[in-house]
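# Architecture at a glance
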Amino acid sequence: MAVNWAERVSAFCRSPSRFLSGTTADTLLAELLRELRDDRASYSVKVLLLSPLCEYPTELCPSDVEGEETALELMSVFHQCPPKSSQFRCQLLLALTSVLVCTDCVSSRSRASQDFLDLLLQIAQDSSDLHGDCALRSLRATACECLRELEACSPGLLYQRLELIAGLRQQETSLLHQAFAGLHTLVFRNVVYQLTQETGAGAEHLKALLGGNTSVAWEAELDSGLMNNKDSAILSSLILGPMGTVPTLQTGPDCKELRSVLSSLLEESYLLTPLCQAALLHRLIEVVAMVPGVPPAVLRAQLLRLLGTSEVCLLHSTLLMKCAFTDSLFSAEDEAFILQRLVVLSQHPLLTTPDKLFYMDCILHFPENRPISCDDADESLPVLLTPRLALALVPTVFNDSATMLARLKLLSLVYLEEGEEGEGEGSRGLAYLYEHITSLLHIVGNGGSREIVVTFFRASFLFLFYFFHVERYYHSLMEQLCKLYLHHTHLAPHFINLADQTQDKLTESNWTVSFLKGLQGVITEAPLTQLTLQDLRWHLKMLARVAEEGEISQHSTLSFLSAVITPSSSSLCVSGDWRLGNSLLGVCRRLLVHPSLDSLLLPLADILQHLTCRYGDTDIQDHARLYYTLLTTLSREKLAGVLMQGSDEGGRQVKRRLLSCIMAESEGLTSVLTIHQAEKTVFRMIEAQSEPQETQTDKESSLNQETETCPEEAKTLLEVYRAQFDTPGYAAEITLNYQLCHIEAGDPYFDQLFSIRLHFSLTDNHYEELSDISVPCLFKDRPSPQVVLRLKPRQPYPTTLHFSAIFTTQDGLSWLSVLPDIHVAFQQVFKPLPSPEAWGPNGKLSLFEGLWDEISSQSEQKEQTDCASSLFCCQLKEAALVALVEKHFLPFLISNLSDNQEFKVLLFLPPQSHVLLKISSEDSVHFNIATDNWQLLCHISSYLLTITSSQEDGEL
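Since the structure is predicted, the reported quantities are computational estimates derived from the model, not experimental observations.

## Considerations on the overall build of the protein chain
- Scanning the protein chain from terminus to terminus reveals 39 helices and twelve strands.
- Relative to its full complement of 956 residues, the protein chain shows a buried share of 49%.
- Sequence-distant contacts in the protein chain: of pairs separated by 6 or more residues, those separated by 24 or more amount to 71%.
- About 46800 Å² of surface is accessible on the protein chain, with carbon and sulfur atoms providing 51% of the total.

Here it is, written out as structure tokens:
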């Protein structure tokens, strides 16, 4: 049976752990390797088979030993693969690299990794593609990328091949020169770094490595050092900034070989793409930083083009260069020019938003020649960024949100350093920023979008974060925010979040308390006659947040609550809205732990008692009664101890919970109420044995019976059939019988399952949705329960059903298990002809002829119908043909089985499709096909190919 590798690989890549729950990694790996060695498999399939090894090598090769064996197998496949299959050979190299790196075979210098390294170098040196062999060039490019990956993951792996790689770079004249340049630079940088880790290493050792004249003694010493460092992490950037340090290699002032290599690589950098240039420059900057004997001026020639580049990556390399060498390479004029260029690029109209945000971030982290601050973690502006220079970056309401906030932050830092007092530029700039905040506030007040609302509150937080100490804006912003809330109460979550964030970040300011007190004032002083139910809900949430502040008096809050629930507003209590009552209790709960509870005792008790007696929801009454009991029976200290659990010292709730849930939760209750995910498949569904079919003798006797009610004319009979069965009102369905059974060697914990709920989801729209099916129980030591699936086709095509189940185990826990998919084959859609029994076999035969003539005539006339005819041929012996018909088509056979000249088969495919077959044997077996749905031809041909091939194999 042919394996559908595309489906299997896709299932594995979607969820390796779920796929391997039905098999083992060793089994899947063995199947993959066996198929890769099979000459009959196409190379497109083999490329697909390598994707699991490329993406999930550790799932299939969990140990170094398995990785080694797999790599040897893949190299054997590579050597047997013909050169023309370039895509497959490239994919093989990638799979080998992935397996060897991820299983640590490379870092341990295993035999397979050494053999693979030699293979890659051999491919890289093959220059026969100079005459236009694109396949070999693609293979060489892949080999070069694999070498780069190996060196990056195991620094120093190619140190002995440095001269060889340098020669390949210099000799290469094709597009591969770029790949070799990147590889050479990486190996070169790693070699220098490894020498910095060796005691006593110097110019002679570096010269020996660059010239390929490494002595035997030095090789052994360096090899030992590399082996000791094999478990070290992949080298990250070595540029630590002007105040940092990098490992150094003392070579003295005379190191011509090193300078020669640097000059050669820098001269060729013009030929590379911007990204490759940036990577090359980054590595070379690190080399110059590690070798004090080489002055940074060797990079000076590159600045002439880098300072004016429009490429983001190259400008980033320039900043890295400046970060590493500062005033030893960049003059004060260079610094001023770079900063001005960053400002221009940050607001250039032709650049994308991400680019402009990057340039603004570069300004915030600008590497100055002589930085004032030594703390790299803090964002600080360069001294040269004056308010006049930053004027081009002032935020406007027409900026997108990210740009607006970034500019606001940048300008806030500028004006913060300039100072806000007096009539200077800092004062005027601060006034502009506040006007910008108020402009955003007016937009929000007039119904701005959700994005502008979020942007406004973030901008307000930034402004407060930097200028909370400026009194003239302190109170003005607070008043405007309070007015905004009163007209837009649905923004309460944003106001609460603003209060929380400012309280956390501005610990030395009391702005948050003053702000919440102002909100309390506008809420409690507003006329109740204008209060809507929706506004009340938001007011209660806001007052609950205000009640968390011990410094704010809560008498006005209690007066507001009392006025809301008084008899004049009794409809509120009578309605018994649970959510509203819960919000009322939320405010009361926070007041119960307020520091000034003693002065609030009587009015709070009256409110709770009123809710207990008058509120229309029993749950709210019960909790109000509980709060009243706690208030009147416990001391303030004990009451705080009961209700303050889960809160910090300031009263802010650390863990938000439903206020009506004052109960102790236990792990047992939580576990019972949770549906757990089963890690492995617990059971599966297998197709049940079908009912025994009619024997050949029974079928022949039924066909030989005579009927008295059979119509004489096929045309008349066809009209009767159309009227009764071939109509949209006739809803035929497919019945599939299955059995539930446990997975072999499963967990004994799941041997007894109860209340099983089976859920099926479609993968296409060819069938109607299936309802869930309930199964009472499934015991491993009892007969398997039967499950009947009733599918209603919209189109009679094969399909796949996703299958999951929720069930309960013996200990009462509920579990969810994702089960293997159910595949509905094309032949499972076949049904016998839906005709009255009174017609008998002769009537069905007449109906067959009528359908055949009708379909044939319409297909021959090439009318705009779905009718079509086709022919399928194969080689079968007479006995094999009879056996095939009896095995696969007996329930649908219209003619006599003993008539070997021609078999007539009529397949009905719900909802309204027919496939008619006339099977005859001449020199070869002919399957003449007629159908009233031409889209079924591909499926019926595939089905016939499958059954005839299996029958032929059985004969052989």
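So much for the structure itself; the text now carries on.
## Overview of helix H14 (residues 256-268)
- Helix length check: H14, at 13 residues, gives a terminal C-alpha distance of 18 Å against a target of 18 Å (1.5 Å per residue), a fit within 8%.
- Among all positions in H14, only Leu 258, Val 261, Leu 262, Ser 264, Leu 265, Leu 266 and Glu 268 are buried.

## Let's talk about the sheet that holds strand S11 (residues 913-921)
- Spatially, four strands are ordered S9-S12-S11-S10 in an open sheet, and the strand pairing comes out antiparallel. Two strands bound the open sheet, and with one partner strand each, they are strand S9 (868-874) and strand S10 (902-909). Looking at each pair of strands side by side, their axes are set apart by 20° on average, direction ignored.
- Relative to strand S12 (residues 925-931), S11 runs antiparallel, the two being bridged by seven bridges. When the bridges of S12 are listed, Lys 918 appears paired with Asn 928.

## Topic: the sheet that holds strand S3 (residues 734-742)
- The strand order across the open sheet built from three strands is S2-S3-S6, with neighbouring strands paired in antiparallel fashion. Strand pairing shows two members of the sheet lacking a second neighbour, strand S2 (683-687) and strand S6 (786-791), which therefore form its edges. The average undirected angle you get between the axes of adjacent strands in this sheet is 35°.

## As for the pairing of S10
- Within S10, seven of the eight residues are buried, which leaves it mostly tucked inside the rest of the structure.
- For S10 and S11, the ladder comprises eight bridges, and the chain directions are antiparallel. Bridge pairing links Leu 907 to Val 915 in S11.
- Hairpin connection from S10 to S11: three residues lie between these consecutive antiparallel strands.

## Digging into the packing of aromatic side chains
- For the structure on display, the rule yields 29 aromatic pairs.
- Arranged with centres 6.0 Å apart and planes meeting at 35°, the rings of Phe 461 and Phe 465 form a pair that is tilted. Of this pair, Phe 461 and Phe 465 are both found in helix H23 (residues 450-467), four residues apart, which corresponds to roughly one turn of the helix.
- The structure contains a cluster of three or more aromatic residues connected by ring pairs, namely Tyr 434, Phe 461, Phe 463, Phe 465, Tyr 466, Phe 467 and Tyr 473.
- The residue whose ring lies beneath Arg 305 is Tyr 270, and the NZ or CZ to ring-centre distance is 4.3 Å.
- Lying across the ring of Phe 330, Lys 322 places its NZ or CZ 5.9 Å from the centre.

## Topic: a nonpolar patch on the surface
- A cluster of nonpolar side chains, namely Val 397, Phe 398 and Ile 443, defines an oily patch on the protein surface of about 310 Å² accessible area.
- Within the secondary structure layout, Phe 398 lies in the loop between helix H20 (387-390) and helix H21 (401-418).
- Under the relative-accessibility criterion, Phe 398 is labelled exposed at 79%.

## Comments concerning the confidence of the model for the protein chain
- Of all residues in the protein chain, 84% have pLDDT values of 70 or greater, and the mean over the chain is 83.
- Note that pLDDT drops below 50 for residues 692-712; the model gives that stretch 35 contacts with residues more than four away or on any other chain.

## A closer look at unusual backbone geometry
- Residue Pro 911 is bonded to the preceding Pro 910 through a cis peptide linkage, with omega at 10°.
- Tracing the backbone through its elements, the reader meets Pro 911 in the loop between S10 and S11.
- Look at Thr 326: it is not a glycine, yet its phi comes out positive at around 45°.
- Residue Ser 755 is not a glycine yet carries a positive backbone phi of 50°.
- By the secondary structure assignment, Ser 755 is in strand S4 (residues 752-762).
- Given the relative accessible area of 52%, Ser 755 is considered exposed.

## Thoughts on the packing of helix H28 (residues 555-565) against helix H31 (residues 597-614)
- Put simply, H28 and H31 touch, their axes get as near as 10 Å, and they point 20° apart. Taken together, the axis directions place H28 and H31 in an arrangement best described as roughly parallel. Our pair here, H28 against H31, has a crossing hand that is left-handed. In this structure, H28 uses His 555, Leu 558, Leu 561, Ser 562 and Ile 565 to contact H31, whose residues at the interface are Ser 599, Leu 600, Pro 603, Leu 604, Ile 607, His 610 and Leu 611.
- A class-by-class count of the residues in the contact of H28 with H31 yields eight nonpolar, four polar and no charged.

## Side note on the side chain of Thr 557
- You can see Thr 557 is positioned in helix H28.
- The class of Thr 557 is buried, set by a relative accessible area of 0%.
- A polar atom in the side chain of Thr 557 sits 2.7 Å from the side chain of Gln 520.
- Those residues within four positions of Thr 557 in sequence are excluded, and the remaining contacts are Gln 520, Thr 524, Leu 543 and Val 587.

## Comments concerning the pattern of salt bridges
- Overall, the coordinates contain 24 salt bridges when judged by the stated rule.
- Residues Glu 73 and Arg 37 are paired through a salt bridge, measuring 2.6 Å at the closest nitrogen-oxygen approach. Here Glu 73, found in helix H6 (residues 64-80), pairs with Arg 37, found in helix H3 (residues 25-37); they are 36 residues apart in sequence, far enough to count as distant.
- The class of Glu 73 is partly exposed, set by a relative accessible area of 31%.
- Between Arg 757 and Asp 772 there is a salt bridge, with its nearest N and O atoms 3.8 Å apart. Remark: Asp 772 occurs in the loop between S4 and strand S5 (773-779) and Arg 757 occurs in strand S4; sequence separation between them is 15 residues.

## Considering the packing of H3 against helix H4 (residues 43-55)
- Between H3 and H4, the least distance of the axes is 10 Å, while the angle of their chain directions is 150°. Classified by the angle between their axes, H3 and H4 sit roughly antiparallel to one another. Between H3 and H4 the crossing geometry is left-handed. Listed contacts from H4 to Leu 29, Leu 32, Glu 35 and Leu 36 of H3 are Lys 46, Leu 49, Leu 50, Pro 52 and Leu 53.

Cut-offs used in this document
- Residues numbered from 1 in each chain as written.
- Predicted model: local features only at pLDDT ≥ 70, side-chain atom pairs only at ≥ 80, totals over all residues.
- Heavy atoms only, no water.
- Helix = DSSP H or I, 4+ residues; strand = E, 2+ residues; numbered from the N terminus.
- Buried < 20%, exposed > 50% of the residue type's maximum accessible area, 1.4 Å probe, protein only.
- Contact = heavy atoms within 4.5 Å.
- Areas by Shrake-Rupley, 256 points an atom, 1.4 Å probe, with all protein chains shown as cover.
- Expected span 1.5 Å × (residues − 1).
- Pairing = 2+ DSSP bridges.
- Axes fitted to C-alpha atoms, helices over the stretch in contact; angles between N-to-C directions.
- Phe/Tyr/Trp six-rings, centres within 6.5 Å; stacked < 30°, edge-to-face > 60°.
- Lys NZ or Arg CZ within 6 Å of the ring centre and 35° of its normal.
- Patch = residues over 30% accessible without salt bridge, like charges linked within 9 Å, V, L, I, M, F, W, Y side chains within 5 Å.
- Salt bridge = Lys/Arg side-chain N within 4 Å of Asp/Glu carboxyl O.
- pLDDT = per-residue confidence, 0-100.
- Parallel < 35°, antiparallel > 145°, perpendicular 65-115°, else oblique.
- Left-handed = near helix turned anticlockwise from the far one by under 90°.
- Nonpolar A, V, L, I, M, F, W, Y, C, P; charged D, E, K, R; others polar.
- Polar contact = N/O pair within 3.5 Å; in protein donor to acceptor, adjacent residues only side chain to side chain.

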